[in-house]
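In case you want the letters, here they are:
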Amino acid sequence: MKKTSTRLADGRELIYYDAREDTVRTAPDLRPLDPADRTATEIRRDPLLGDAVAVAAHRQTRTYHPPAGECPLCPSRGGRLSEIPDSSYEVAVFENRFPSLAGDSGRCEVVCFTPDHEASFADLTEAQTALVLDAWTDRTAELAQLPAVRQVFCFENRGAEIGVTLGHPHGQIYGYPFTTPRTELMLRSLARRKAGTGANLFDEVLAREAADGRRIVLDAEHWVAFVPYAAHWPYEVHLYPRRRVPDLRALDAAARTEFPQVYLELLRRFDRIFDPEPARRGEDVRQPPTPYISAWHQAPFGTLAGADLAGVGRDEFALHLELFTVRRTSGKLKFLAGSESGMNVFINDVPPEAAAERLREVAS
């Protein structure tokens, strides 16, 4: 992999990731942009819940559903200038022009998986997917060095139903200046289990799912995917490396090599969940692409603070990916209504065992 770092016209960093070492990237950003504002975000703490809220009013003016010919994530071609100055790229990462977090409040980056505007992640080759994994890993390593960053979150939102405003296949990376509430909940559960039995809760979850077997979706040599016992979403899959590691940097060569095949298979199954039977006989009756969120959970950096986390090290956290869709059946979405939004108590319409069975049915 070759990494080329440069600057956009407003001072934001842009990094190209290429498979070939002899690739040269020299195209300058010719747009007349004002210097980027890295002070526009404010982090506020909720005094009752104790969680953090990023206040970022400048995001109200971000690009919203531009036509394909004006996509800011396509390469710059034919006199049209975009966020990617070069006329082609493999994987490109740049600081978000409208960040939720910036400066002392963290960092937000955009990851462009492919220059093909009409593609999706599931359309990538295994080699392209391996390059994306390399980019995620490199960004995790780089952001871990920033004083303002406490935790790195790599994720992809796909589909207008999720709230995506740019149709080009891309993801994002957030460098949070704090440990996220969801991760803190996992760490507290991990600490309680260790204090009570000395066992690692993540290891126990994997062992329990393997022993049960009903919710296993994909069982590979170095990765295992399953629908969790208490899945929040109608179709939700958790993907773990079999060897527990705290973050992407710690994956071994064998797991990295196998990941593209496993991940692409999961994404392609998600696109077939809601297809009726005739679609699998070759008839053109497929549903629109399945909207989803794909999210990497990595251990926060530094010492874990708090009496309720005493004795838990970051190496006891288990890197994993959570993939889920907001669609509950053909043509119907799972909306977060009163119980979910008001009290954070999820009500799932699809039994996890049924979801796992469906995801096995649509295997390639």
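Residues numbered from 1 in each chain as written. Predicted model: local features only at pLDDT ≥ 70, side-chain atom pairs only at ≥ 80, totals over all residues. Heavy atoms only, no water.

**What about the overall build of the protein?**
Just so we agree on the cut-off: Secondary structure elements follow DSSP: runs of H or I of four or more residues count as helices, runs of E of two or more count as strands, with numbering from the N terminus. Two things to know: the radius of gyration comes from C-alpha atoms, and the globule rule equals 2.2 Å times the number of residues to the power 0.38. Think of it in three bands: residues with accessible area under 20% of the maximum for their type are buried, residues over 50% are exposed, and the middle band is partly exposed, with areas taken using a 1.4 Å probe on protein chains only. All accessible areas in this document rest on Shrake-Rupley with a 1.4 Å probe, and a residue is counted as covered only by the protein chains that are shown. In this count, Lys and Arg are taken as positive residues and Asp and Glu as negative ones, while His and the chain termini are left out. By convention, charge coordinates are those of NZ in Lys, CZ in Arg, CG in Asp, or CD in Glu.
Counting secondary structure elements, the protein contains six helices and 15 strands. Taking 21 Å as the expected radius of gyration for a compact globule of 364 residues, we find that the protein reaches 21 Å, a close match to that expectation. In terms of principal-axis extent, the alpha carbons of the protein reach across some 60 × 60 × 45 Å. Expressed as a percentage of the 364 residues in the protein, the buried residues total 50%. For the protein, the accessible area works out to roughly 17,100 Å², and carbon and sulfur atoms hold 52% of it. Of the charged side chains in the protein, 45 are positive and 53 negative; the average position of the first set lies 2 Å away from that of the second.

**Quick look at the packing of helix α1 (residues 126-143) against helix α4 (residues 253-270)**
A packed helix pair is summarised by two numbers, namely the angle formed by the two axes and the spacing between the axes. The following threshold applies: All axes are obtained by fitting lines to C-alpha atoms, using only the stretch in contact for helices, and the reported angles, taken between N-to-C directions, cover 0 to 180 degrees. The handedness criterion is simple: a crossing whose near helix is rotated anticlockwise from the far helix by less than a right angle is left-handed, and one whose near helix is rotated clockwise is right-handed. Every residue pair with non-hydrogen atoms within 4.5 Å of one another is taken to be in contact. Asp, Glu, Lys and Arg are counted as charged, while Ala, Val, Leu, Ile, Met, Phe, Trp, Tyr, Cys and Pro are counted as nonpolar; the rest, among them Gly, fall into the polar class.
The geometry of α1 relative to α4 is characterised by a closest axis approach of 9 Å and an angle of 115 degrees between their N-to-C directions. Helix-helix and strand crossings are classified by hand; for α1 and α4 the assignment is right-handed. Where α1 abuts α4, its residues Glu 126, Thr 129, Ala 130, Leu 133, Asp 134, Trp 136 and Thr 137 lie against Arg 256, Phe 259, Pro 260, Gln 261, Tyr 263 and Leu 264. The residue makeup of the contact of α1 with α4, split by class, is seven nonpolar, three polar and three charged.

**Focus on the pattern of salt bridges**
Between side chains of opposite charge, a pair can form when the charged atoms approach closely. The criterion, for reference: Salt bridge, as applied in this entry: a Lys or Arg side-chain nitrogen positioned within 4 Å of an Asp or Glu carboxyl oxygen.
Within the structure shown, the criterion is met by 36 salt bridges. Notably, a salt bridge pairs Glu 95 with Arg 7, separated by 3.7 Å at the nearest N-O pair. Highlighted residues: Glu 95 in strand β5 (residues 91-95) and Arg 7 in strand β1 (residues 2-7), separated in sequence by 88 residues. Accessibility expressed as a relative area gives 10% for Glu 95, which makes it buried. In this structure, Arg 188 and Glu 184 form a salt bridge, with 3.5 Å as the shortest nitrogen-oxygen distance.

**Quick word on the nonpolar core**
So the rule is basically this: To qualify as a nonpolar core, a set must consist of buried Ala, Val, Leu, Ile, Met, Phe, Trp, Tyr and Cys residues joined through side-chain atoms within 4.5 Å.
Residues Phe 121, Trp 136 and Trp 296 are the most contacted members of the largest nonpolar core, which totals 53 residues. At eight residues, α4 tops the list of elements feeding residues into this core. Residues in contact with Trp 136, not counting those within four places in the same chain, are Phe 113, Phe 121, Cys 154, Ile 173, Leu 248, Phe 259, Tyr 263 and Trp 296. In terms of nonpolar packing, the next biggest core, distinct from the first, is built from 14 residues, Met 186, Ala 191, Leu 206 and Phe 317 among them.

**Notes on the side chain of Ser 105**
Under the convention used in this document: Contacts described as polar in this section are N or O atom pairs within 3.5 Å, which, within protein, must combine one atom able to donate a hydrogen with one able to accept it, while residues neighboring in sequence count only if both atoms come from side chains.
Residue placement: Ser 105 occurs in the loop between β5 and β6 (107-112). At 3.5 Å, the side chain of Ser 105 and the backbone oxygen of Thr 41 are in polar contact. Aside from chain neighbours lying at most four places away, what touches Ser 105 is Thr 41, Ile 43, Gly 175 and Pro 177.

**Quick look at helix α6 (residues 352-361)**
Structural remark: α-helix, 3.6 residues per turn; residues separated by three or four positions point the same way. So the rule is basically this: Along the arc lie the directions from the helix axis toward the C-beta atoms.
Along α6, the positions that sit buried rather than exposed are Pro 352, Ala 355, Ala 356, Arg 358 and Leu 359. Along the long axis of α6, the arc covered by the buried residues comes to 160 degrees, so they all point the same way. Against β9 (216-219), β11 (235-241) and α4 lie the buried residues of α6.

**Looking at the environment of Phe 121**
Structurally, the position occupied by Phe 121 is in the loop between β6 and α1. Exposure remark for Phe 121: the relative accessible area of 0% places this residue in the buried category. With near-sequence residues (within four places) excluded, Phe 121 lies in contact with Phe 113, Thr 129, Val 132, Trp 136, Glu 156, Tyr 263, Leu 264, Leu 267 and Tyr 292.

**A word on the packing of aromatic side chains**
Applicable threshold: Stacked, tilted and edge-to-face are the three classes assigned to paired rings of Phe, Tyr and Trp, where Trp is represented by its six-membered ring and a pair needs centres within 6.5 Å; plane angles under 30 degrees give stacked, over 60 edge-to-face, the rest tilted. Consider the ring centre and the ring normal. A charge sits over the ring if Lys NZ or Arg CZ is within 6 Å of that centre and within 35 degrees of that normal.
This structure, assessed with the given rule, holds 21 aromatic pairs. Relative to Phe 155, the ring of Phe 153 has its centre 4.6 Å away and its plane inclined at 15 degrees; by these criteria the two rings are stacked. On the accessibility criterion, Phe 155 (8% relative accessible area) is buried. A centroid spacing of 5.1 Å and a plane angle of 15 degrees characterise the contact between Phe 259 and Tyr 263, whose relative ring orientation is stacked. Linking Phe 259 with Tyr 263, this pair stays in helix α4, spanning four residues, or about one helical turn. One exposure class covers both Phe 259 and Tyr 263, and it is buried. Among the aromatic residues, those joined into a cluster by ring pairs are Phe 113, Phe 121, Trp 136, Trp 223, Phe 259, Tyr 263 and Trp 296. Above the face of the Tyr 16 ring, Arg 25 is positioned so that its terminal group lies 5.2 Å from the ring centre. Over the ring of Phe 178 we find Arg 45; its NZ or CZ atom is 5.4 Å from the centre of that ring.

**Quick look at the environment of Pro 66**
Along the chain, the position of Pro 66 falls in the loop between β4 (52-55) and β5. Each C-alpha atom, one on Pro 66 and one on Ala 220, is 40 Å from the other, the two residues being 154 residues apart in sequence. Those residues in contact with Pro 66, other than ones at most four positions away along the chain, are Cys 71, Pro 72, Thr 165 and Leu 166.

Note that every value here comes from positions in space, so none of it alone points to a role or purpose.
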